[in-house]
Every structure is written in C-alpha cells, then in structure tokens.
Amino acid sequence: MTDFYAVVGNPIEHSLSPEIHRAFAAQTRQDIAYEKMRAPLGEFAGTAEKFFADGGRGLNVTVPFKLDAFDFAGALTERARTAGAVNTLAVQEDGSILGDNTDGAGLVADLKQHLGWPLTGKKILLLGAGGASRGALLPLLEQAPAQLHIANRTAAKAAQLAEDFSSYGPVTASGLEDIPAGFDLIINASAASLAGDRPAIADAVVGADCCAYDMVYGAEPTPFMQWAGQLGARTADGLGMLVGQAAEAFYLWRGVRPEVAPVLARLRGQLNLKAS
C-alpha cells in the first residue's frame, strides 16, 4: 500500500523535496507518494492535522512553519528540542506525531561523508546566531571538535547561543569583529549570502588548510565562498546539506538510508544546466 508524504511551506513552489524523495523512493524500492502542500499563513496546525487525519505518514516542513511544527509535535527528538524548531514530522507506531530536526545531521553528513572534511578535534567557526546555527550546533558538537566558536553581528545573541549549548561541548562566542584567528572549518549560517553579500570578517580567521562551507546553494559560488577561496580555502555550498537532511528524514520515515551521492549529482547537474 502506498504511503503518503509531503512538504509544507509558504511559498512552496520552489521546493526540490518532491524530486529528492521520489528519487530516494525509486532507489530504495519504497512505495510512497510525495507532494508539495502550501499552507495559508497562520494555518499550519489545521493543514497538518488534516494531512495526518487523511492517512499521511510524514511531513517535511519549510519556511515559515518550523516553529509551528515544533509546537504541533506530540514528542520531540533531542536535536529538535535543542534547535527549537522542527523540519520533519513522523507518525509513530502509537499514532503520536514525532518532531525532528534533520538540518544539522544533513550538514554533518555532507561535511564528513561527501566532502571528506574531518570535524573531530578541529576548530570550527559558525557564522550567524539564528535558527540555522541553532539547528546545526548539537550535531556539530557531537563530533567532538576542539573548539566551536559562534560569531554574530550582535555579539550578545551569539553569547546567549553559546551559553545555551555549553553543556554539550566547548562553545565560545563573539561579535564579527572579535573572532580569533586560524580556524580549520568556517560555516556560514548567516543570511548574508541570500542578500548577495558575505559576513564582514577578517582574513585572519582562515587558517592553514581551511575549509569554508556556505549553507546557501546555487549555480555560482556565493560571495562568502569566493572570499574564502581567494584565501586558499576549500569551499562548498549547501546543496549537499539539503539532500542530506532529506535523506535523514527519509530514514526516520522508512527505516532505510538512501544513497545521497547520485541524487546530489543530478541536482548539481540541473543547477549547472540552468546557469549555462
């Protein structure tokens, strides 16, 4: 029997989730249907309730409903609880709805498995102190880095985030102008790239043999990636994180872990084709 899944957001037309999950289903021989759903603003709970009442088995949740999904879930994973947001809802055996946040797991999987960038024992700089950073912190700290430093335009916000996660590992914080030098990995979780800009940070933060990762993705390198690349860093965008978080959601739903690489390669090819 076909199981039904969907991604819900507003807007939703741009979402690549149906293409990704249908590819996962074909690859793993899972009998599912997956669609896009546009929920009216302020009506997420009603939309989700109807979907599950009609027999839906799981939802991916995108902007602006991740906080609504957090409130909607009957139970939360630890990574959802610490993130304060939910991007995946799943029906459990007892009929309750579990809320998870797979964004950070998708990031870590892309960094380690696809890119081959080590995290354990490394000095990591996380730029931004919003929801994207909060969702990434626990999965990153679980990799036992030597240091994880959060830098944000508003230093107090970074300091509060560091305090919130201090029990999970060595977290420090500062404003953008007070970042220590010499990081092994820099992750841009700020919104700067969406505005065609980059965080105003000093060149000295880029350590020897540094890697630089932007959570935003596109056909062309972001301004942050261009800057880091000019300083000798290896760079990557967030397309692999997108596919990785979807794979984590698929595993939560189906108990089968799909292969990310072929789906990622196809999406990358489509992006490059659109740009040419």
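Residues numbered from 1 in each chain as written. Predicted model: local features only at pLDDT ≥ 70, side-chain atom pairs only at ≥ 80, totals over all residues. Heavy atoms only, no water.

Peer 1: Explanation requested: the nonpolar core in the structure shown.
Peer 2: Soluble globular proteins: nonpolar side chains tend toward being buried together. Among the nonpolar cores identified, the biggest contains 28 residues, and Leu107, Leu111, Leu140, Ile150, Ile187 and Tyr213 are the most heavily contacted of them. Only helix H5 (103-114), strand S7 (123-127), helix H6 (131-141), strand S8 (147-152), helix H7 (155-164), strand S10 (183-188) and strand S11 (206-214) provide two or more residues apiece to this core. In terms of residue count, the dominant contributor to this core is H6 (5 residues). Beyond its immediate sequence surroundings of up to four residues, leucine 111 is in contact with Gly116, Trp117, Leu119, Leu140, Leu185, Ile187 and Tyr213. Within the second largest apolar cluster, 21 residues are counted, among which are Tyr5, Ile32, Ala246 and Phe250. (Core = buried A, V, L, I, M, F, W, Y, C linked by side-chain atoms within 4.5 Å. Buried < 20%, exposed > 50% of the residue type's maximum accessible area, 1.4 Å probe, protein only. Helix = DSSP H or I, 4+ residues; strand = E, 2+ residues; numbered from the N terminus. Contact = heavy atoms within 4.5 Å.)

Peer 1: What am I meant to see in the packing of H5 against H6 here?
Peer 2: Each pair of packed helices can be described by the angle between their axes along with the distance between the axes. The contact between H5 and H6 brings their axes to 7 Å, and the two run at 50°. Regarding the angle of H5 to H6, the classification is oblique. The two elements H5 and H6 cross, and the hand of that crossing is right-handed. Only Gly135, Ala136, Pro139 and Leu140 of H6 make contact with H5, whose side of the interface consists of Gly104, Ala105, Leu107, Val108 and Leu111. In terms of residue class, the contact of H5 with H6 is built from 7 nonpolar, 2 polar and no charged. (Axes fitted to C-alpha atoms, helices over the stretch in contact; angles between N-to-C directions. Parallel < 35°, antiparallel > 145°, perpendicular 65-115°, else oblique. Left-handed = near helix turned anticlockwise from the far one by under 90°. Nonpolar A, V, L, I, M, F, W, Y, C, P; charged D, E, K, R; others polar.)

Peer 1: Looking at this structure, how should I read the pairing of strand S6 (residues 97-100)?
Peer 2: For a regular strand, the rule is simple: side chains alternate between the two faces of the sheet. Residues Ile97 and Gly99 line one face of S6 and the alternating positions Leu98 and Asp100 line the opposite face, and both faces are buried. With 2 bridges joining them, strand S4 (residues 75-76) and S6 adopt parallel strand pairing. What sits directly across from leucine 76, in S6, is glycine 99. Across 4 bridges, strand S5 (residues 88-91) lies against S6 in antiparallel orientation. Within S6, the position partnered with valine 91 by the bridge is isoleucine 97. (Pairing = 2+ DSSP bridges.)

Peer 1: Help me out: how do you make sense of the pairing of S7 in this one?
Peer 2: Burial of S7 is extensive: 4 of the 5 residues sit out of reach of the surface. Where S7 lies against S8, 5 bridges are found, and the strand directions are parallel. The residue bridging leucine 126 from the neighbouring strand is isoleucine 150, located in S8. In terms of handedness, the path from S7 via H6 over to S8 forms a crossover that is right-handed. Inspection of the sheet shows S7 paired to S10 by 4 bridges, in the parallel sense. Note that in S10 the partner of leucine 125 across the bridge is isoleucine 186. (Right-handed = clockwise from strand over helix to strand, strands pointing away.)

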